[in-house]
Amino acid sequence: MGEDFAGRAGLVTGAGSGIGRAAALKFASEGAKVVIADVDVDGSEATKAMIDQIGGEAICVRTDVSQAEEVAAMVEQTVAAYGRLDFAFNNAGIAGDIVPLIDYSEELWDRVIGINLKGVWLCMKYEIKQMLAQSQAHGGGGAIVNTASVMGLISSASNPVAYTASKHGVIGITKNAALAYAASGIRVNAVCPGYIVTPLVEGILERHPERKAQIMADHPVGRLGVPEEISEAAVWLCSDAASFVNGTAMTVDGGYVAH
Ligand SMILES: NC(=O)c1ccc[n+]([C@@H]2O[C@H](COP(=O)([O-])OP(=O)(O)OC[C@H]3O[C@@H](n4cnc5c(N)ncnc54)[C@H](O)[C@@H]3O)[C@@H](O)[C@H]2O)c1
């Protein structure tokens, strides 16, 4: 176990699977107390079991990030359990069905935007309130990382319209929050993964096997990423090593957007 986060507490949304799980494990392995926030209770419990196994400290708080009262409760329960909120990785998200723009339904648009974009705003709203309160009390502050995507910087003809919109939006609100709260000692950044092998991407490849060759070709390194390659970036962005990094959208994509 490392010590970079010893004595610190934070939360990871979408920590019941994929990138969020890898990040929760990495934070815990660096000594942080971690709240695993996800709608998937079984997935969350599985992440907690992994953290228990490495001697880390974590609790699960079932949270739907698209619901304000649940997000508020997530932050309240973090503070009730661990006394403070030093960092947050707002990572929960869904791909939504891959449907052409002209066939995309309003219902799907609202669902994807509700989780991927409104959810990140709600998380920041309640997290930053808490960080401001503790910053006044202890001269602290905090660090927030939001999961965007390469689809927050560019798009592709086949990328679902609401997903592209949500991830571009995440980068926008990341910059907004970074500027608004920099003077209060709160840093806010985004991470932009390329395609990472998680259940989200496995689902896309299963439903659309014809897309696999193109997706591979879009990554100059010749492979997809693994969740740990994103969690390394997220944990670093939350750490003191990144103390001068604020308002950035960091690509971790094997060169995807360098084309
Ligand atoms: N895998 C990729 O290639 C890739 C690429 C770019 C960005 N991303 C983004 O990374 C993030 C994590 O994706 P992943 O690939 O690990 O997917 P995943 O499906 O493995 O994990 C996502 C987790 O989010 C949870 N979740 C879904 N809706 C939720 C809600 N309303 N409230 C709380 N939790 C919710 C799910 O239960 C799941 O545990 C997402 O924001 C995704 O858009 C993924």
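Thresholds, definitions, all that
- Residues numbered from 1 in each chain as written.
- Predicted model: local features only at pLDDT ≥ 70, side-chain atom pairs only at ≥ 80, totals over all residues.
- Heavy atoms only, no water.
- Helix = DSSP H or I, 4+ residues; strand = E, 2+ residues; numbered from the N terminus.
- Rg over C-alpha atoms; globule rule 2.2 N^0.38 Å.
- Buried < 20%, exposed > 50% of the residue type's maximum accessible area, 1.4 Å probe, protein only.
- Contact = heavy atoms within 4.5 Å.
- Core = buried A, V, L, I, M, F, W, Y, C linked by side-chain atoms within 4.5 Å.
- Near = heavy atom within 4 Å.
- Polar contact = N/O pair within 3.5 Å; in protein donor to acceptor, adjacent residues only side chain to side chain.
- Areas by Shrake-Rupley, 256 points an atom, 1.4 Å probe, with all protein chains shown as cover.
- Nonpolar A, V, L, I, M, F, W, Y, C, P; charged D, E, K, R; others polar.
- Pairing = 2+ DSSP bridges.
- Axes fitted to C-alpha atoms, helices over the stretch in contact; angles between N-to-C directions.
- Disulfide = S-S within 2.5 Å.
- Salt bridge = Lys/Arg side-chain N within 4 Å of Asp/Glu carboxyl O.
- Right-handed = clockwise from strand over helix to strand, strands pointing away.

Engineer: For this particular structure, what's the right way to read the overall build of the protein?
Structural biologist: In terms of helices and strands, the protein carries eight helices and seven strands. Taken against the 2.2 N^0.38 rule, which gives 18 Å for 259 residues, the C-alpha radius of gyration of the protein at 17 Å falls within 12% of a compact globule. Put simply, the protein has 259 residues, and 50% of those count as buried. Counted over contacts in the protein with a minimum sequence separation of 6, partners at least 24 positions apart contribute 72%.

Engineer: Help me understand the nonpolar core in this model?
Structural biologist: Inside soluble globular proteins, nonpolar side chains tend to come together where they are buried. One finds Leu11, Met74, Met124, Ile144 and Val188 to be the most contacted residues of the largest nonpolar core, which totals 30 residues. Elements that contribute at least two residues to this core include exactly strand S1 (9-13), strand S2 (33-38), helix H3 (68-82), helix H4 (106-138), helix H5 (161-181) and strand S6 (186-193). The greatest single-element share of this core, amounting to seven residues, is contributed by H4. Beyond its immediate sequence surroundings of up to four residues, methionine 74 is in contact with Leu11, Thr13, Ala37, Val61, Thr63, Cys123 and Glu127. Phe87, Phe89, Ala233 and Ala234 belong to the second largest nonpolar core, which has 25 residues in total.

Engineer: What is the right way to read the environment of tyrosine 126 from this model?
Structural biologist: Looking at the element boundaries, tyrosine 126 is found in helix H4. Distance from tyrosine 126 to serine 239, taken between C-alpha atoms, is 20 Å for residues 113 residues apart in sequence. Not counting residues up to four positions away in its chain, the partners in contact with tyrosine 126 are Ala68, Val71, Ala72 and Val75.

Engineer: I would appreciate a short explanation of the site of the ligand in the present structure.
Structural biologist: Around the ligand there are 29 residues in total, and Ser17, Asp38, Tyr163, Ile196 and Thr198 lie nearest to it. Within the backbone of asparagine 91, an N or O atom sits 2.8 Å from an oxygen atom of the ligand. Take lysine 167: an N or O atom from its side chain is 2.9 Å from an oxygen atom of the ligand. Contact with the protein chains covers 92% of the free accessible surface of the ligand, which is 830 Å². Among the elements that line the shell around the ligand, the one with the most residues is helix H6 (residues 199-207), at three residues. Taken together, the residues that form the shell around the ligand break down as 14 nonpolar, 11 polar and four charged.

Engineer: Can you help me understand the sheet that holds S2 in this one?
Structural biologist: Strand pairing in a sheet is mediated by backbone hydrogen bonds. Such pairs are either parallel or antiparallel. With respect to topology, seven strands assemble into an open sheet ordered S3-S2-S1-S4-S5-S6-S7, the strand pairing being parallel. Unpaired on one side and paired on the other, strand S3 (57-62) and strand S7 (249-252) mark the two borders of the sheet. For this sheet, the mean angle separating the axes of adjacent strands, direction not counted, is 20 degrees. Across six bridges, the pairing between strand S5 (residues 142-147) and S6 is parallel. Its bridge partner lying in S6, alanine 143 is registered against arginine 187.

Engineer: For this particular structure, what's the right way to read the state of the cysteines?
Structural biologist: By definition, a disulfide links the sulfur atoms of two cysteine residues through a covalent bond. In total, this model carries zero disulfides according to the counting rule given. This cysteine, cysteine 123, is not joined by any disulfide, and cysteine 238 carries the nearest cysteine sulfur, 13 Å off. Judged by its relative accessible area of 1%, cysteine 123 falls in the buried class. Classification of cysteine 238 by relative accessible area gives buried; the value is 4%.

Engineer: What am I meant to see in the pattern of salt bridges here?
Structural biologist: Close approach of charged atoms allows side chains of opposite charge to pair. In this structure the tally under the stated criterion is eight salt bridges. Its salt-bridge partner being aspartate 52, residue lysine 48 comes within 3.2 Å of it at the nearest N-O pair. Of this pair, lysine 48 and aspartate 52 both sit in helix H2 (residues 41-53), four residues apart, which is roughly one turn of that helix. Of the residues examined, lysine 48 reaches a relative accessible area of 23% and is grouped as partly exposed. Since its relative accessible area comes to 40%, aspartate 52 is described here as partly exposed. Here glutamate 210 makes a salt bridge to arginine 211, at a shortest N to O gap of 3.9 Å. It is possible to trace a salt-bridge network through shared partners that takes in Lys26, Glu30 and Glu232.

Engineer: How should I be thinking about the pairing of S5 in this particular structure?
Structural biologist: Note on strand geometry: in a regular strand, side chains alternate between the two faces of the sheet. Most of S5 is tucked away: six of the six residues are buried. Bridge count between strand S4 (residues 87-90) and S5: four bridges; the pairing is parallel. Looking at the pairing, phenylalanine 89 lines up with valine 145 of S5. Regarding the hand of the β-α-β motif, the stretch spanning S5, H5 and S6 is right-handed.

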